[in-house]
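Coordinates in review
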Amino acid sequence: MSQTAPKADHPVTETGPMTPMMAQYFEIKGVNPGYLLFYRMGDFYELFFEDAEIAARALGITLTKRGKHQGEDIPMCGVPVHAPQDYLKQLIALDHRVAICEQVEDPAEAKKRGSKSVVKRDVVRLVTPGTLTEDDLLPQGINNFLVALAMLRHGEADFALAWADISTGQLHVMDLGAQELADELGRLGPVELLVSAQTAELLRDQDLVAGAHLAGATILEPDRFDSEAGAIRLRRAFGKDAVDPTAYSRAGRAALGALVDYVEQTQKQAGLALSPPRIERAGRHMRIDIATRNSLELITTNRGETRGSLRHAVDMTVTSAGARLFAARLAAPLVDVNAINARLDAVGWLLGDQLVVNQLRSALKSAPDLARALTRLGLERGGPRDLAAIREAIDAGSAMAESLTHGAGMPEDLSGIAAHLADAPHTLSKLLSRALAPELPLLARDGGLVAQGYHADLDEQRQLAGESRQVVARLQTELCD
């Protein structure tokens, strides 16, 4: 079924006396309709009423009760704050959407307003299929595309697609005609499609795209696809020096504006971790219709499985980023002769120097998924291991640049890659090597991420903490004796 994005002015319909906590809950729930509300209470995200019943069935967890509302028991279930990922993954896989509501105030501040005051809470993130950033929630080896489809004028074949992989920051836009829509959506394989109700109705009536895309579409208000508003959003999001909205068509501005607005709404205070949009041309790659694409089983089989597809049979990549790029190229073969020859020249040169190939593959095996690590850090969801990923990526890039500098007669594409890798910020890598501990925790709050000897004051505090524990232990021993 299609999803409708929430409106900020959605009314609260609950009436009658209620506790301050329930009043807060209904207020937050009222402005986030269509989402399961993960309401932070201490060490748990708790769900109430219908949300609790839905989540308990979907997750196979116990449904309990917590107090009463208007004389009726309140259904409730909860998941631990420190380990929500598995639960989110299950809910998203079942087409549910989740609003993460956190405490945004120190409980001590709430007490100053009175003994019955509740801690301020607010939704800090809306989790949808197209806005995932965590590795354990994302598909491996392929992109996780959020796509916005804009129609310039009703009844005419002027369309644009804007698509982004939030986890890597890439953002693209393409103008195309009605006859190309189904093929391009088939190539991109969006996990979430943004569209207005009017456009969805026209697409459905004229049978322009696969029904599955529209069945799970997120329906936005028509004004989200206004091209002038889109231009303003682009300038605000990327800066007037980074993006010129007039470089994109009216339909392109409409699609980009709707996508950027949706990402900003779902990510809340975290902001926008996207690169400026890149224009793609529909004629640059081979057009493959849906029937042919399904028959060829390029990326997945007709059963939706990777094993048995062409990608599974020929993919020799050793990194997640490489696997995503390979899948994208396999889904969209080039048709430009010059681009094809440039790519073949690079492959041919590498085939002629097996030593360089072995060195490159060895360096790549140690390269982390830098794009996703940088995105998490940019959205303030990263951890110490994402910082380490920056260091490891710089070191791997330097090793690859060193291997490529020894090659003679290198094609332009490869020499450009070598020059880019040689510009890696080695100073940053050295700083991170000194600052980060050898064994890093998953989360910064777990402590132990800063290396011994990097910061004298921190080392002193650690020593005092360790000695304090030893003093307490001695006192306990003496008192027991």
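Residues numbered from 1 in each chain as written. Predicted model: local features only at pLDDT ≥ 70, side-chain atom pairs only at ≥ 80, totals over all residues. Heavy atoms only, no water.

1. Re a nonpolar patch on the surface
A grouping of L428, L431 and Y454 is seen on the molecular surface, where their side chains present a nonpolar patch of about 230 Å² in accessible area. Within the secondary structure layout, L428 lies in helix α18 (residues 426-435). The exposure class assigned to L428 is partly exposed, which follows from its relative accessible area of 34%. (Patch = residues over 30% accessible without salt bridge, like charges linked within 9 Å, V, L, I, M, F, W, Y side chains within 5 Å. Areas by Shrake-Rupley, 256 points an atom, 1.4 Å probe, with all protein chains shown as cover. Salt bridge = Lys/Arg side-chain N within 4 Å of Asp/Glu carboxyl O. Helix = DSSP H or I, 4+ residues; strand = E, 2+ residues; numbered from the N terminus. Buried < 20%, exposed > 50% of the residue type's maximum accessible area, 1.4 Å probe, protein only.)

2. Brief notes about the pairing of strand β6 (residues 98-103)
Taking burial as the measure, the 6 residues of β6 include 5 buried ones, the bulk of the element. Pairing between strand β2 (residues 36-41) and β6: 4 bridges, direction parallel. Along β6, the bridge assignment pairs L36 with V98. Judged from the 6 bridges that link them, β6 and strand β7 (residues 121-127) form a sheet pairing that is antiparallel. (Pairing = 2+ DSSP bridges.)

3. Concerning the environment of K89
Along the chain, K89 falls in helix α3 (residues 85-93). A sequence separation of 43 residues divides K89 from L132, and the C-alpha atoms of the two residues are 9.8 Å apart.

4. Topic: the pairing of strand β4 (residues 64-69)
The pairing of β4 with strand β5 (residues 72-80) spans 4 bridges and is antiparallel. Across the sheet, K65 pairs through a bridge with P75, a residue of β5. Hairpin connection from β4 to β5: 2 residues lie between these consecutive antiparallel strands, with Q70 at a positive phi of about 55°.

5. Re α3
Taken together, the buried positions of α3 are L88, L91 and I92. Angular distribution of buried residues about the axis of α3 spans 95°; they occupy a single face of the element. Relative to its buried face, α3 has exposed residues pointing more than 90 degrees away, namely D86 and A93. Where α3 is buried, its residues contact β2, α2 (49-59), β6 and β7. Following α3 by one or two positions, D95 adopts a phi angle in the positive range, close to 70°. (Arc of directions from axis to C-beta. Contact = heavy atoms within 4.5 Å.)

6. Some words on the packing of aromatic side chains
Here the structure, examined in full by the defined rule, presents 7 aromatic pairs. When the centroid spacing of 5.2 Å and the interplanar angle of 85° are considered together, the rings of Y25 and F48 count as edge-to-face. You can see Y25 sitting in helix α1 (residues 20-30) and its partner F48 sitting in strand β3 (residues 44-48), a full 23 residues away along the chain. For the residue pair Y25 and F48, the accessibility class agrees, reading buried in each case. Plain terms: the ring middles of Y25 and F49 are 6.1 Å apart, the flat faces sit at 40° to each other, and that makes the pair tilted. Linking Y25 in helix α1 with F49 in helix α2, this pair joins segments that are 24 residues apart in sequence. (Phe/Tyr/Trp six-rings, centres within 6.5 Å; stacked < 30°, edge-to-face > 60°.)

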